[in-house]
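If you want the building blocks of each chain, they are given just below.
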Amino acid sequence: MSAGHSHPLHRPGDTPVHRLPAQVKIVAAIATALCVVSTPRDQYWAFGLYLVLLSAIWVVARIPPGWLAKRALIEAPFVVLTFVLPFIAGGPEVHVLGVAVSEHGLLTGWNILVKGTLGVLTSLTLAATTSPGELIVGLQRLRVPTMVVTIATLMLRYLEVIAAEARRMRLARISRGHDPRFLWQAGATARGVGTLFIRSYERGERVHLAMVSRGWVGAMPDHSTPARGIAWLSGLALPGLAAVVLGVALWP
Amino acid sequence: MTTSVAMHMSDGLIDTKTSVIFIGVAVVGVAFAAARARNDLDDRTAPMAGLVAAFVFATQMLNFPVLSGVSGHLLGGALASILVGPWVGALCVSIVLVVQALVFSDGGLTALGANITNMALIGTAAGFLVATALKRFAASKPGLIAVAFVAALVNTVVASLGFVLEYAIGGDPQFLGGVTTTIVGVHVLIGIGEGVITALTVGAVAATRPDLVYLLRGTRRPLELREESPA
């Protein structure tokens, strides 16, 4: 049960970015995302500079751009929204490739597209260079309540178990000819979800008894080490530079 | 090609001020839910909530078909609140959202507060309030299934109204009308799917382990001994 989890986003490595304490990286990623979101949408150059800053991190952390691009598709639903906005908005129109679209809608769509993309690239960088376990320890160092941290730890530890259980049930359904195409055919799936809940809950009861018998008193021991000043300084270099870009962009 | 339509907000949809406000709302809400969850589960809180959160996460991986070619996935707020109660439910869905944002890059980091507010707090609360209000109909199995359906539908639509509220505060006012129609319309469709799956799931759990369904606590009649009637 304590074996490491293979995980779709984490890229194990030993670069300076990987070695930074997780709490530093979490703060840095959130601060960078806040800078990006705060940037006025018509300061186009600023978004280019943010991308350059992130690319510098990718070079240091040895993350190939293709790997990032593939996983950035997670925000695809919002990209669809950004392509709809130019057509549903009113106001002055501009011609793009011979099609009349609302200028205001185009700018708003651009705003969501560029900030959403830079945001997802930032969090992908965080997830690629930090293992899930380290992220949880980082939350703990950031004074997130112990109970929340413990729940998150257990959730991550058992996620693979529960997900594998769900996959096995799905396989069993499919191998018995289940092929749902419409919602009203979802009955077997739903009964599977119900069974999954009962199994998860009963497993929770067993895990609790196992923990109590091993001396569980309500909190996990803290084995992490606090981040030193130098780690904070190097980790906050990215949001620091992003803040400089934001400052220039906001300059009247 | 199947497109998934249920989604977490990305960065850039709402402005910085609104993001920060809703991060504050989320922190207060989750702290409150965590305190009340402890009352429900005492020292079993961590393992039970951990496994329920893993269950919610796993069900979110499960896509169900809404229309041909369009699939949605469960948000799980109403399901969790009917099965484990509103406090544990809200706490579990919040933790799922935090882990999805940090570990799986699903949902923007700055939009995390707004996502938690919508899906974990507003949605779960709405679903549970509806379920509690209709509790007297839940005694029979068809009644329970209908209540779960309505609760999940309301949960999804109200969660999307949370997004509309955030967009009204920190989005672009010119698009409020169009965005509201699109988002609420899409979520009524998702809500029907969420409702069907939630209803059938709750029905399946109630059929085997009714003692696990939080909503049914205190409604079951105690077993009674009857004289065997002469044949």
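Residues numbered from 1 in each chain as written. Chains lettered and ligands numbered in written order. Predicted model: local features only at pLDDT ≥ 70, side-chain atom pairs only at ≥ 80, totals over all residues. Heavy atoms only, no water.

(A) Seen up close, the overall build of chain B. When helices and strands are counted, chain B shows 7 helices and 3 strands. A total of 231 residues make up chain B; the buried ones form 59% of that total. Restricting to contacts in chain B with at least 6 residues of sequence separation, those with at least 24 account for 76%. As presented, chain B carries roughly 8900 Å² of accessible surface, and 67% of it is formed by carbon and sulfur atoms. (Helix = DSSP H or I, 4+ residues; strand = E, 2+ residues; numbered from the N terminus. Buried < 20%, exposed > 50% of the residue type's maximum accessible area, 1.4 Å probe, protein only. Contact = heavy atoms within 4.5 Å. Areas by Shrake-Rupley, 256 points an atom, 1.4 Å probe, with all protein chains shown as cover.)

(B) Looking closely at the overall build of chain A. A count of helical and extended segments in chain A gives 11 helices and 2 strands. Listing each helix as α and each strand as β along chain A from the N terminus yields α-α-α-α-α-β-β-α-α-α-α-α-α. The buried share of chain A, reckoned over its 252 residues, is 46%. For chain A, contacts bridging at least 24 residues in sequence account for 76% of all contacts bridging at least 6. Of the roughly 12900 Å² that chain A leaves accessible, carbon and sulfur atoms contribute 66%.

(C) Expanded view of a nonpolar patch on the surface. Residue and element names in this part refer to chain A. A contiguous nonpolar surface patch, about 450 Å² in accessible area, is contributed by Trp-45, Leu-49, Val-52, Val-244 and Val-248. Per element, the largest residue contribution to the nonpolar patch is 3 residues, and it comes from helix H3 (residues 44–61). Looking at the secondary structure, you find Leu-49 in helix H3. (Patch = residues over 30% accessible without salt bridge, like charges linked within 9 Å, V, L, I, M, F, W, Y side chains within 5 Å. Salt bridge = Lys/Arg side-chain N within 4 Å of Asp/Glu carboxyl O.)

(D) Quick peek at the pattern of salt bridges. Residue and element names in this part refer to chain A. A full pass over the atoms with the stated rule returns 6 salt bridges over all chains. Its salt-bridge partner being Arg-199, residue Glu-165 comes within 3.1 Å of it at the nearest N-O pair. Residue Glu-165 is found in helix H8 (residues 146–175), and its partner Arg-199 is found in helix H9 (residues 187–213); the two are separated by 34 residues along the sequence. For Glu-165, a relative accessible area of 9% corresponds to the buried category. Two residues, Glu-165 and Arg-203, come together in a salt bridge whose shortest N-O distance is 3.4 Å. Residue Glu-165 is found in helix H8, and its partner Arg-203 is found in helix H9; the two are separated by 38 residues along the sequence.

(E) How the structure looks around the packing of aromatic side chains. Residue and element names in this part refer to chain A. Overall, the coordinates contain 9 aromatic pairs over all chains when judged by the stated rule. Ring plane angle 85° and centroid distance 6.0 Å describe the contact between Phe-47 and Trp-110, whose orientation is recorded as edge-to-face. Here the residue Phe-47 occupies a position in helix H3, and Trp-110 occupies one in helix H6 (residues 103–129), the gap between them amounting to 63 residues. On the basis of relative accessibility, which here comes to 3%, the residue Phe-47 falls in the buried class. (Phe/Tyr/Trp six-rings, centres within 6.5 Å; stacked < 30°, edge-to-face > 60°.)

(F) Geometry of the side chain of Thr15(A). Residue and element names in this part refer to chain A. Tracing the backbone shows Thr-15 in the segment before helix H1 (16–19). Polar contacts involving the side chain of Thr-15 include one to the side chain of His-18, which spans 2.7 Å. Those residues within four positions of Thr-15 in sequence are excluded, and the remaining contacts are Val-60, Ala-61 and Arg-62. (Polar contact = N/O pair within 3.5 Å; in protein donor to acceptor, adjacent residues only side chain to side chain.)

(G) Layout of the interface of chain A and chain B. At the junction of the two partners, chain A supplies 73 residues and chain B supplies 70 residues. Inspection of the chain A/chain B interface yields 1 salt bridge. For Glu202(A), the salt bridge goes to Arg209(B), with nearest N and O atoms at 2.3 Å. One can count 4 residue pairs in polar contact (both at pLDDT 80 or more) joining chain A with chain B. Contributions of two or more residues to the side of chain A that touches chain B are made by helix H2 (22–38), helix H5 (76–88), H6, helix H7 (132–141), H8 and H9 of chain A.

(H) Structural detail: helix H3 (residues 77–84) of chain B. Residues and elements named next belong to chain B. Along H3, 8 of the 8 residues are buried, which leaves the element largely enclosed by surrounding structure. Turning to H3, its buried residues are Gly-77, Ala-78, Leu-79, Ala-80, Ser-81, Ile-82, Leu-83 and Val-84. Taken from the residues just after H3, Gly-85 is the one with a positive phi, measuring 95°.

(I) Representation of the nonpolar core in the model. Residues Tyr50(A), Phe197(A), Leu91(B), Val99(B) and Leu215(B) are the most contacted members of the largest nonpolar core, which totals 118 residues. The biggest single contributor to this core is H8(A), with 14 residues. Counting the residues that make up this core, at least three belong to each of domain 1 (16–137 + 226–250) and domain 2 (145–213) of chain A. Setting aside chain neighbours within four positions, we find Tyr50(A) in contact with Cys35(A), Val36(A), Thr39(A), Leu118(A), Ala242(A), Val245(A) and Leu246(A). By size, the runner-up hydrophobic cluster in this structure holds 12 residues, among which are Met9(B), Phe163(B), Tyr167(B) and Val179(B). (Core = buried A, V, L, I, M, F, W, Y, C linked by side-chain atoms within 4.5 Å. Domains from an automatic or database assignment.)

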